Structures are given as C-alpha cells and as structure tokens.
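Coordinate inspection notes
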Amino acid sequence: MALSCMRRFSAGSAAAARRGGPAAAGWRVAAAVASTGVKGATDAGVEKAARSASPSKVENSSPSEIILDDFEDLSPLSENDESTVSITVVGASGDLAKKKIFPALFALYYEDCLPKHFTIFGYARSKMTDAELRNMVSKTLTCRIDKRCLTRLDFVTTILNILRENCNEKMEEFLKRCFYHSGQYDSEEHFMDLDKKLKQHEGSRVSDRLFYLSIPPNIFLDVVKCASKSASSANGWTRVIVEKPFGRDSDSSAALTRGLKQYLVEDQIFRIDHYLGKELVENLSVLRFSNLVFEPLWSRQYIRNVQLIFSEDFGTEGRGGYFDRYGIIRDIMQNHLLQILALFAMETPVSLEAEDIRNEKVKVLRSMKPLQLEDVVIGQYKSHTKGGTTYPGYTEDKTVPKDSITPTFAAAALFINNARWDGVPFLMKAGKALHTKGAEIRVQFRHVPGNLYKRSFGTDLDTATNELVIRVQPDEAIYLKINNKIPGLGMRLDRSNLNLHYAARYSKEIPDAYERLLLDAIEGERRLFIRSDELDAAWELFTPLLKELEEKRIAPELYPYGSRGPVGAHYLAAKYNVRWGDLTTEQKA
Ligand SMILES: NC(=O)C1=CN([C@@H]2O[C@H](COP(=O)(O)OP(=O)(O)OC[C@H]3O[C@@H](n4cnc5c(N)ncnc54)[C@H](OP(=O)(O)O)[C@@H]3O)[C@@H](O)[C@H]2O)C=CC1
Ligand SMILES: O=C1O[C@H](COP(=O)(O)O)[C@@H](O)[C@H](O)[C@H]1O
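Residues numbered from 1 in each chain as written. Chains lettered and ligands numbered in written order. Predicted model: local features only at pLDDT ≥ 70, side-chain atom pairs only at ≥ 80, totals over all residues.

Re the overall build of the chain
Along its length, the chain carries 19 helices and 18 strands. Across the 589 residues in the chain, those meeting the buried criterion constitute 43%. A separation of at least 24 residues holds for 77% of the contacts in the chain among residues at least 6 apart in sequence. (Helix = DSSP H or I, 4+ residues; strand = E, 2+ residues; numbered from the N terminus. Buried ≥ 20, exposed ≤ 12 C-beta atoms within 10 Å, placed from the backbone. Contact = placed C-beta atoms within 7 Å.)

Observations concerning the pairing of strand E12 (residues 426-431)
Among the 6 residues of E12, 6 are classified as buried, and the element is accordingly described as predominantly covered. Residue alternation in E12 divides its side chains into two sets, Phe426, Met428 and Ala430 and Leu427, Lys429 and Gly431, and both sets are buried. Relative to E12, strand E7 (residues 303-311) runs parallel, the two being bridged by 6 bridges. Its bridge partner lying in E12, Phe310 is registered against Ala430. Bridge count for strand E11 (residues 409-414) against E12 is 6 bridges, and the pairing is antiparallel. Bridging across to E12, Ala411 finds its partner in Lys429. (Pairing = 2+ DSSP bridges.)

A look at the pairing of strand E1 (residues 83-90)
Regular strands have side chains that alternate between both faces of the sheet. Within E1, 8 of the 8 residues are buried, which leaves the element mostly enclosed by the surrounding structure. Across the two faces of E1 the burial is the same, with Ser83, Val85, Ile87 and Val89 and Thr84, Ser86, Thr88 and Val90 all buried. Here E1 runs beside strand E4 (residues 206-213); their pairing, made up of 8 bridges, is parallel. When the bridges of E4 are listed, Val85 appears paired with Asp208. Bridge analysis of E1 against strand E2 (residues 118-124) gives 6 bridges, and the strand direction is parallel.

Some remarks on the environment of Phe211
Within the element layout of this structure, Phe211 appears in strand E4. Judged by the 28 C-beta atoms lying within 10 Å of it, Phe211 falls in the buried class. Sequence spacing of Phe211 and Phe270 is 59 residues, and the spatial spacing of their C-alpha atoms is 9.9 Å. With residues near it in sequence (within four places) discarded, Phe211 still touches Thr88, Val90, Ala227 and Val240.

A word on the environment of Phe426
Within the secondary structure, Phe426 sits in strand E12. Once the C-alpha coordinates of Phe426 and Asn305 are considered, the two residues, 121 residues apart in sequence, prove to be 5.9 Å apart. Those residues in contact with Phe426 that sit more than four places away from it in its chain are Val306, Leu308, Leu341, Leu414, Phe415 and Ile416.

Quick notes on the sheet that holds E1
Taken in spatial order, the 7 strands line up as E3-E2-E1-E4-E5-E6-E17 in an open sheet, and their pairing is mixed. Of all the strands in the sheet, just strand E3 (178-182) and strand E17 (529-530) have a single pairing partner and so form its edges. Relative to the sheet, helix H9 (residues 188-202) contacts E1, E2, E3 and E4, its axis offset from that of E1 by approximately 145°. (Axes fitted to C-alpha atoms, helices over the stretch in contact; angles between N-to-C directions.)

Here we look at the packing of H9 against helix H10 (residues 220-230)
Relative orientation of the contacting elements H9 and H10 amounts to 50°, with a least axis distance of 8 Å. Looking at the two axes, H9 sits oblique to H10. Classified by chirality, the crossing of H10 by H9 is right-handed. Between H9, through Glu188, Phe191, Met192 and Asp195, and H10, the contact on the second element is made entirely by Cys226, Ala227, Lys229 and Ser230. (Parallel < 35°, antiparallel > 145°, perpendicular 65-115°, else oblique. Left-handed = near helix turned anticlockwise from the far one by under 90°.)

Observations regarding the packing of H10 against helix H11 (residues 250-263)
Running from N to C, H10 and H11 point in directions that differ by 10°, and their axes come no closer than 9 Å. When the axes of H10 and H11 are compared, the pair comes out roughly parallel. Each of Phe220, Leu221, Val224, Lys225 and Ser228 in H10 lies in contact with H11, whose residues at this interface are Leu256, Gly259, Leu260 and Tyr263.

Observations concerning helix H6 (residues 130-138)
Listed in full, the buried residues belonging to H6 are Leu133, Arg134 and Val137. The arc that holds every buried residue of H6, seen down its axis, measures 100°, which confines them to one face. The outward face of H6, more than 90 degrees from its buried face, is lined by the exposed residues Ala131 and Asn135. (Arc of directions from axis to C-beta.)

Re helix H13 (residues 320-345)
Along H13, the sharpest change in direction is near 95° and occurs at Gly327. Most of H13 is tucked away, with 21 of its 26 residues classed as buried. (Bend = angle between axes of the 7 residues up to and from the residue.)

Let's talk about the nonpolar core
As a rule of thumb, soluble globular proteins bury nonpolar side chains together. One finds Leu105, Leu213, Met333, Leu337, Ala410 and Met428 to be the most contacted residues of the largest nonpolar core, which totals 138 residues. Counting only domains with at least three residues in this core, you end up with domain 2 (83-243) and domain 3 (276-514 + 531-583). (Core = buried A, V, L, I, M, F, W, Y, C linked by C-beta atoms within 7 Å. Domains from an automatic or database assignment.)

A few points about the domain arrangement of the chain
For the chain, the assigned domains read domain 1 (1-80), domain 2 (83-243) and domain 3 (276-514 + 531-583). Put simply, the middle of domain 2 and the middle of domain 3, counted by C-alpha atoms, are 34 Å apart.

Concerning the site of ligand 1
Residues in close proximity to ligand 1 total 19 residues, the closest being Gly94, Leu96, Ala124, Arg125 and Ser126. Considering each element in turn, the shell around ligand 1 owes the most residues, 3 residues, to helix H5 (residues 95-110). (Near = placed C-beta within 6 Å.)

Description of the environment of Ser383
Within the secondary structure, Ser383 is located in the loop between strand E8 (376-382) and strand E9 (384-386). A count of 15 C-beta atoms within 10 Å places Ser383 in the partly exposed class. Residues contacting Ser383, with those up to four places away along its chain left out, are Thr390, Tyr391, Pro392, Gly393, Glu396 and Tyr561.

Examining unusual backbone geometry
The linkage connecting Lys244 with the following residue, Pro245, adopts the cis geometry, with an omega of 5°. Within the secondary structure, Pro245 is located in the loop between strand E5 (238-242) and H11. Residues other than glycine seldom take positive phi values, yet Asp475 does so here, at roughly 55°. By the secondary structure assignment, Asp475 is in the loop between strand E14 (467-473) and strand E15 (477-485). For Asp475, a count of 11 C-beta atoms within 10 Å corresponds to the exposed category.

Here it is in structure tokens:
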C-alpha cells in the first residue's frame, strides 16, 4: 500500500491540467485531511480520505482547513499510460546526487508522486554497474514515517504501521527502476549510448526526459551540448535542471545563459535555487496574500526593517575548493537570500502562474539600489579552541590557499527604490562556522504612535515594537512578538509570542526542498525556478560590489569558529538604527 500523491495546489499544474499540458500527464492531484496532516483532523476524515484513491473533494475536512475550489477542476486526472519520464542524474557519483537527489526521488516515489512509468539513470565517469549504483543509492534512502502519529493508537497508527512495513518493499521497487551509465561529459557518443539505453526502457511510449546537472559548473555546457544533440527526447519534452553556481558575475552568467540557449530554449532550462523549494519560503506568499492582517502592513509605512539571516554552525569542511572561488556572497546572498527578498517584497502578482510571479520578482530585483561597499561587512572564520576541541580556521582547510581573503561571512544593507519600500533597510547576514544553524526572516515593525502604554516599556522603546519571525529552518515556525499584559492586578507588560510552531501544529513531515522542485520540473511548473532575467538582475546588483571587494583586496574581519560573527555586522545594523533580531534574547518559539 502506498500513499497516493497529495500534490499541493499549483497554479501552473492547474493551468496545464486544464490545457491538457504536461502537468496533466498522469498523476493525480488530491486534497485530503490525511495529506495535510493538520493535527486535530478527525479520524473519520482520515479514514475516508485514505479509502478514497483520488478524492476530488474532501468530505470530512477539519473546520480550519481551506479546500481551494480549483481542486474540483483538477481531479481526478486521467493516467496517461502512453508516456514515460526518464530522469538522468548527471554526476550521479557525487555528493549532491547521493545526499539530496536520489533520496528526493525515492521520497516522491514512496508518496506515489512519480508518474506510473519512469526510469532513473545515473550518469558519471566513474565505473559502476547498475547493482553498484543501487547499493550506493540504497544507503541514502529513508522512509518517511510520521513518528508523532505513531504514538496515537488509532486508525492513523494502523495506516502508518502498514506503510512502514511496506517501505522496504517500496525501496526495492524503486531501486529496480534505477540504472547506471558510465560516460564522459563531453562525448556525444557516450550520450548516444545512453540514449539507446533510455529507449530500451521507454519502449513505444512518448518519452519525456529530465536531465539533472549535478556536476561542477565548468562542464555544464559540455553536458548540455551532448545531451541535447544525442539524448534528447524525440517525441516528448526534454528539460534540464541546472544547479548553481550560475556563473561568478554578470559576464560569466550571461555567457552561461548564451551557451545553454545554443542548445535549449528558456522553457527547457530549470535553474534551481533550493531555498525556493523550502516550505516556509513557499508559504511567504500564502501568508501575505491570503491573510488580511499582513498585506496592509507590508510597506515602509509600518515596517521598519527586514532581516534575512542564514547561518551554519560548520565550516566549509570538504567543499573549500569550490567555496574559495565563490565566497559567501555568491554562495548564499546573491541567490538564496535575494530570492527570498524578492518574494517578500514583490507586489501582488496577477495570478499564481509562474510568469506572473517571476514578473513581479524581477521588478523588485531591478528596483534595488546599487549596493555600496560601505553597506557591506565581510568576515572569515579563524581557528578556535573550545572545551578542549580545536576547530580549524578557513585557511587551514587543505583545499584553500593560505592567503585566501574569501569571505565566509557577509552582512549587507540593501534598499529597494520603489514606492512601497523606499528607505526600508533590508539587512542580510550569511555566515559559515557560526554559533548556530538556521535561516530566518525577521520583520521589525515601527512603533505604535502615541502608545498609551509606553511608560510600561521603560526607556527602551525598541523592545516595544512588534516583530514577525518566519523561521525557515530548523524547527519551522512563524511567530509574532506582541506586547501583552502580564496577568495580575497590576499593569505590567511583557513581550510574548503568538506562535505557529509547525511541529506542534502539523503532524506531517515537511518534504525536502528537492522533492518539491523535482516534482515541479517533471510537471513543467516553473514558478520556483529562476528565469534568466531574474538571474541577470541578481548579478547586476552584486557584480560591482564583488569586483570592488576583489580589486581592492578588502581583508575580511576575522571571527572565531563558532562565534556570532564579526562585530562589524552590529555597526552596520546600528548605522540604520537596527538591532539584529537573532542576537537579542527572546522567548523561544
Ligand atoms: N553538494 C552540495 O551540497 C551542493 C552542490 N551544489 C551544486 O551541485 C553541483 C554538484 O555538486 P556536488 O555533487 O557537490 O559535486 P561533486 O564535486 O561531488 O561532483 C559531482 C560529480 O561530478 C564529477 N566531477 C567532479 N569534478 C569534476 C571535474 N573537475 N571534471 C569533471 N567531472 C567532475 C564527479 O563524477 P565522476 O568523476 O564520476 O564523473 C563527481 O562525482 C555543483 O554545481 C554544486 O555547485 C549546489 C548546492 C549544494
Ligand atoms: O546552496 C548552498 O546551500 C547550502 C545550505 O543549504 P541548506 O538547505 O542545508 O540550508 C550551503 O551549505 C552551501 O554552501 C550552499 O552552496
């Protein structure tokens, strides 16, 4: 027994389904209480949803659940037995393939989200048999069992126990669909051999082909050339997922785009930014556009500053060679954080269609004020000994030059020159080897004018303002810091959280970003992928700064491994009368 794919509402898929387009080809879209995992959903509802293979309407939904009308148009979609999808993971022997891509494909298979007919091929230079690939992949697979639900002795428990028992069986079935082909990345002949193998599996069906470029960027174009000439589909679609980095600056990125477009049209290129596949990043638009309470406040009138914060509590361990050529600004800020900023700040799109959303994002990116060197602080971690353990500094990594000045930390103040955001600092901060691991968006609101209770706050009016925190990871949560009366006869106020803690609210495990994005690419949904004009605008913002940093050889401020980063980041925030929200003590959400 398998879970049937509980695909989220997707405008692109909806539109494609209505047009009979690729998203319609072969898999069901269903909404059910069981799939949402909303805690408190009735068992009767769960049972009904589980009994029904692809319900077009949920009969017993929890009262708090919204079932979008569009589901009715979408479901049930007919299975198109005539088509098959071949997914080739190029660079299958590598870190990303093992860590993320194969596990995500299995998770999709496990949840019945892959089309009925599919084949997965690993491609790389390493010599491997199919059995060896399967053995390698099998070590990375896990079953998604909802442990919290397993404590409930009820219908859900029974269902989940059956699922667990069947997990090994599903793994075996999945692995039987995985094959390997060894070849060079620049050999049309080797891709022709791959094509022959793919055809054997595809038989007489319409073949759709997805290539995932999980390889270093210097060989992207070789592969795209060979794959498009020798292994693209003759009768279905061919799409290519391209991993970052998309160049190092405006020129190299434009050259990459030109190169890709020699062999592919823009619609075939899926530039992945896995942060866009993260649950809370996707939820940003839902939060803004489907709740009355946020959107009216979403402007310079009420928002004092926005903070986009990324931190990792480990260094470049193992990836120093790659990292030293890019640095933290290219690795995290120019893509992940800037994409979040664009989604956060964009105007309401005309619809949820990919092009409407990407049009709005690109407008934000093109409205950004040029980034000034004095609005940027860079840092690099140095060795630190704590509790008897010595953590190595960045330049102690064997793959990093001893005199490297590549930043492993950066903080920046950005501004959007438009009517909505004029003057509002968007502060970004990203670093490796810091004291904690996490990613969050913090929205600090202005003071309440003429606040009657200001005496209760003392002199520090900063502590009296509201702050909305969207914790992207880990332990996903959305909480709003408010001022509240401490219960009792007196009139004392404190700061408390209105708190949506995902682990407490939803029992369903959050899918990995790569699952969502792979499924989107298969469905032809481009909303969460980067369009070439977005990429150009993102590079246009960062390239002059990166050039200046490199030409002037600006030395990064050193910070100890495991610390809170360079002090310069505080001065930068203070320049705009801001305090980093992640560094103030706060009630745990
Ligand atoms: N790893 C990660 O966490 C992340 C990676 N990425 C991006 O994803 C892509 C893949 O990353 P990752 O798996 O870490 O990369 P790897 O360095 O592990 O390379 C993947 C495969 O490519 C082949 N390869 C490696 N170096 C070369 C080379 N110089 N010339 C030709 N082939 C080579 C190797 O396969 P073989 O020798 O068998 O041919 C290797 O197994 C990169 O673009 C990376 O920037 C993006 C985000 C996160
Ligand atoms: O793209 C990248 O992202 C990872 C962090 O991803 P996460 O999903 O684990 O937060 C980062 O470690 C890596 O340097 C960067 O290339």
